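Spelled out, the chains give:
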Amino acid sequence: QVQLVESGGGLVQPGGSLRLSCTASESAFRITNMAWYRQAPGKQREVVATGISGESTNYADSVKGRFTISRDNAKNTVYLQMNSLEPDDTAVYFCNADLYHLGSSTLRNYWGQGTQVTVSS
C-alpha cells in the first residue's frame, strides 16, 4: 500500500524556518496535484498551500510571502518551505496528493500521517 511519508517538523523559535517533506513510498506512483494542510488544537483543518501539476500554486492569505510549496519529481517528493514562522503557525501539518499509478493508469488521493510544527520561544 503506497503511503505519503512526511518529515521535517519540530520546534522552532519565532522568525525561524523549517522545511517539510512528503515522499511517495513507492516508485510506481507519481505525484500530480499536491497540497499542504494544517490543523491547530481545537480548530478545523485548513489548506495552507496547493500546487497543481501544471505548476500553478496558491497560498492561504496567512502564509502568503512566507511559505513556498514545491516538488522534486526525480525524488517523488513535495516540500513546504516555511520562513518567518509565527506562534500562530503551530499545528500538525499534513500533505495531500493525487498519486498516479504508472502501471494501472489510475489516480487516487492520499494523505500523509502528519508532522507537528511548534513555534515557540
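Structural data are supplied above this passage.
These notes cover the structure that comes with them. Bear in mind that the values here come from a model prediction, so they are computed numbers and not experimental data. (Residues numbered from 1 in each chain as written. Predicted model: local features only at pLDDT ≥ 70, side-chain atom pairs only at ≥ 80, totals over all residues. Heavy atoms only, no water.)

Our next topic: the sheet that holds strand β8 (residues 77-82). The four strands are arranged β1-β3-β8-β7 in an open sheet whose pairing can be described as antiparallel. Both outer strands of the open sheet, β1 (4-7) and β7 (67-72), are each paired with one neighbouring strand and no more. The mean inter-strand angle of the sheet, taken between neighbouring strand axes irrespective of direction, is 15°. For β7 and β8, the ladder comprises six bridges, and the chain directions are antiparallel. Residue pairing for β8: Ser 70 is matched across the bridge by Tyr 79. (Pairing = 2+ DSSP bridges. Helix = DSSP H or I, 4+ residues; strand = E, 2+ residues; numbered from the N terminus. Axes fitted to C-alpha atoms, helices over the stretch in contact; angles between N-to-C directions.)

The subject of this paragraph is the nonpolar core. With 28 residues, the main nonpolar core has Leu 4, Trp 36, Phe 67, Leu 80, Met 82, Tyr 93 and Leu 99 as its most contacted residues. Within the residue set of this core, elements represented by two or more residues are β3 (18-24), β4 (29-39), β5 (46-51), β7, β8, β9 (91-101) and β11 (115-119). Sorting elements by how many residues they give to this core places β9 first, with five residues. (Core = buried A, V, L, I, M, F, W, Y, C linked by side-chain atoms within 4.5 Å. Buried < 20%, exposed > 50% of the residue type's maximum accessible area, 1.4 Å probe, protein only.)

It is worth spelling out the side chain of Ser 21 at this point. Position of Ser 21 relative to the elements: it lies in strand β3. Exposure remark for Ser 21: the relative accessible area of 14% places this residue in the buried category. Leaving out residues up to four positions away in the same chain, Ser 21 has contacts with Val 5, Glu 6, Ser 7, Trp 36, Thr 77, Val 78 and Tyr 79. (Contact = heavy atoms within 4.5 Å.)

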